[in-house]
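Survey of secondary and tertiary structure
Residue-level listing of the chains:
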Amino acid sequence: TISHAFQAWVGSFHAALHSKHVTQGIIKRWLNQTISHAFQSWVSSFHAALHAKQVTQRIIKTWLNQTIAHAFQGWASFVTQQQHATKVAQGVLTKWLNQTISHAFQGWASFVTQ
């Protein structure tokens, strides 16, 4: 009788202990799943932010390259215009100097031939 009661108590104690371990395992798995989902969500948002950063950097780089290219094209056009203007001015100056020298030479030639 006491032995039966003690054995029943030991059996119920082991069953309660087993239930506690099973319950702890279930809770642990549930918490791990929750933490795992939270971590996966964080990893996903991290990758999205990283992708957005890369896209933004690519857009800025493209914009800067286009801006620099446009500025260089403007500078190159200005240099070409300046070179053309210098060439035209040199041509006009050369013609004027040649006419002046030609008139002087003609005056000298006519003076010498008289």
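Just above sits the structure.
Figured I'd write up the structure that's included with this text. None of these values were measured; they are calculated from a predicted model.

**As for the overall build of the protein**
Along its length, the protein carries 1 helix and 0 strands. Residue burial in the protein is summarised as follows: out of 114 residues, 1% are buried. Roughly 10500 Å² of accessible area belongs to the protein as shown, and the carbon and sulfur atoms make up 69% of that amount.

**Considering the environment of Gln99**
When you line up the elements, Gln99 lands in helix α1 (residues 2-113). Sequence separation between Gln99 and Trp30 is 69 residues, and the spatial gap between their C-alpha atoms is 103 Å.

**So, a nonpolar patch on the surface**
Taken together, the side chains of Phe6, Trp9, Phe13 and Leu17 define a hydrophobic patch exposed on the protein surface, amounting to about 440 Å² of accessible area. With respect to the secondary-structure elements, Trp9 resides in helix α1.

**As for the environment of Val112**
In this fold, Val112 is placed in helix α1. A relative accessible area of 48% means that Val112 is categorised as partly exposed. Between the alpha carbons of Val112 and Ile27 there is a distance of 125 Å; along the sequence they are 85 residues apart.

**Some points on the packing of aromatic side chains**
Summed over the entire model, instances satisfying the criterion amount to 6 aromatic pairs. Each ring, one from Trp42 and one from Phe46, has its centre 5.6 Å from the other, and the planes form 20 degrees; the classification is stacked. Taken together, the positions of Trp42 and Phe46, both in helix α1 and 4 residues apart, correspond to about one turn of that helix. Aromatic rings pair up to connect Phe6, Trp9 and Phe13 into one cluster.

**A closer look at the environment of Ala76**
Assignment of secondary structure puts Ala76 in helix α1. Of the residues examined, Ala76 reaches a relative accessible area of 28% and is grouped as partly exposed.

So, how was this worked out
Residues numbered from 1 in each chain as written. Predicted model: local features only at pLDDT ≥ 70, side-chain atom pairs only at ≥ 80, totals over all residues. Heavy atoms only, no water. Helix = DSSP H or I, 4+ residues; strand = E, 2+ residues; numbered from the N terminus. Buried < 20%, exposed > 50% of the residue type's maximum accessible area, 1.4 Å probe, protein only. Areas by Shrake-Rupley, 256 points an atom, 1.4 Å probe, with all protein chains shown as cover. Patch = residues over 30% accessible without salt bridge, like charges linked within 9 Å, V, L, I, M, F, W, Y side chains within 5 Å. Salt bridge = Lys/Arg side-chain N within 4 Å of Asp/Glu carboxyl O. Phe/Tyr/Trp six-rings, centres within 6.5 Å; stacked < 30°, edge-to-face > 60°.

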